[in-house]
Amino acid sequence: MVKTKEAVALIERIKELLAEKKAENVVALDLRRVSETLDYFVVASATSTPHLQALERHLLEKLEEEDLRPRPTAGQSPRWVVLDYGEVVVHLMTPEAREYYDLEGFWADAERL
């Protein structure tokens, strides 16, 4: 299956931006073969709530400079932030939330990028 060039480029950019702010355990998943409605996830851990907020702010600011804005999402929490960029959905989580919700385990059949 051919990957959407724009989505893959966005994933790489998101990974770079998360690395700039020291996000931990960054994983990108290609969900297209295992989901009818989802394309790509990027999952990353923050070390604390302030770190989570810093990661979110950094992504929002830098991607907005590139004219990319996430779709509105509901239900944000101090432990888990979701940024929906269409084909690419970013999940920023505290380690506790990441372990509890186990997105990588749930989508274990997805290809890792």
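None of the values given here were measured: they were computed from a predicted structure.

**Q** Sorry if this is basic, but what is going on with the sheet that holds strand 3 (residues 80–85) here?
**A** Across a sheet, strands are paired by hydrogen bonds formed along the backbone, either parallel or antiparallel in direction. Across the sheet, which stays open at both edges, the 5 strands sit in the order 3-4-2-1-5 with mixed pairing between neighbours. The open sheet is flanked by strand 3 and strand 5 (111–112), the only strands paired with a single partner. As judged from the 5 bridges shared by strand 1 (residues 24–30) and strand 2 (residues 40–45), these two strands associate in the antiparallel manner. Within strand 2, the position partnered with Leu 29 by the bridge is Phe 41. Docked against the sheet, helix 2 (residues 49–65) engages strand 2, strand 3 and strand 4 (88–93), running at close to 15° with respect to strand 3.

**Q** Would you explain the pairing of strand 3 in this entry?
**A** Note on strand geometry: in a regular strand, side chains alternate between the two faces of the sheet. Of all 6 residues in strand 3, 5 are buried; the element is thus mostly enclosed. Alignment of strand 3 against strand 4, held across 6 bridges, turns out to be antiparallel. Following the sheet pairing, Val 81 is matched in strand 4 by Leu 92. Where strand 3 hands over to strand 4, the hairpin turn is made up of 2 residues, of which Gly 86 adopts a positive phi near 80°.

**Q** Would you take a moment to explain the packing of aromatic side chains for this structure?
**A** Each aromatic ring pair is described using two quantities: the centre-to-centre distance and the angle formed by the ring planes. Applying the stated rule across the entire model yields 4 aromatic pairs. Feature note: the residues Phe 41, Phe 106 and Trp 107 constitute an aromatic cluster, connected by ring pairs.

**Q** Explain helix 2 here, please?
**A** An α-helical turn contains 3.6 residues, so a residue and the one three or four places further along point in the same direction. In this model, helix 2 (17 residues) spans 24 Å end to end at C-alpha, consistent with the 24 Å of a helix rising 1.5 Å per residue. For helix 2, every residue scored as buried is listed here: His 51, Leu 52, Leu 55, His 58, Leu 59 and Leu 63. Projected onto a plane normal to the axis of helix 2, the buried residues spread over an arc of 130° and lie on a single side. Set apart from the buried face of helix 2 by more than 90 degrees, the exposed residues are Pro 50 and Glu 65. Where helix 2 begins, one side-chain oxygen reaches toward the backbone nitrogen of His 51, 3.2 Å away; that side chain belongs to Ser 48. Directly after helix 2, the chain includes Asp 67, whose backbone phi takes a positive value near 65°.

**Q** Explanation requested: the nonpolar core in the structure shown.
**A** Soluble, globular proteins show a tendency: their nonpolar side chains are buried together. Counting residues in hydrophobic clusters, the biggest one holds 22 residues, and the most contacted among them are Ile 14, Leu 18, Val 42, Leu 59, Val 88, Val 90 and Leu 92. Counting residues per element, the ones that place at least two in this core are helix 1 (5–20), strand 2, helix 2, strand 3 and strand 4. With 6 residues, helix 1 is the largest single contributor of residues to this core. Every residue in contact with Val 88, bar those within four places of it in the chain, is listed here: Ala 7, Leu 10, Ile 11, Ile 14, Tyr 40, Val 42 and Leu 83.

**Q** Got a minute to help me understand the environment of Val 27 in this structure?
**A** As for its placement among the helices and strands, Val 27 is situated in strand 1. Expressed as a C-alpha distance, the spacing of Val 27 and Glu 56, which sit 29 residues apart in the sequence, is 16 Å.

What counts, and at which threshold
Residues numbered from 1 in each chain as written. Predicted model: local features only at pLDDT ≥ 70, side-chain atom pairs only at ≥ 80, totals over all residues. Heavy atoms only, no water. Pairing = 2+ DSSP bridges. Helix = DSSP H or I, 4+ residues; strand = E, 2+ residues; numbered from the N terminus. Contact = heavy atoms within 4.5 Å. Axes fitted to C-alpha atoms, helices over the stretch in contact; angles between N-to-C directions. Buried < 20%, exposed > 50% of the residue type's maximum accessible area, 1.4 Å probe, protein only. Phe/Tyr/Trp six-rings, centres within 6.5 Å; stacked < 30°, edge-to-face > 60°. Expected span 1.5 Å × (residues − 1). Arc of directions from axis to C-beta. Polar contact = N/O pair within 3.5 Å; in protein donor to acceptor, adjacent residues only side chain to side chain. Core = buried A, V, L, I, M, F, W, Y, C linked by side-chain atoms within 4.5 Å.

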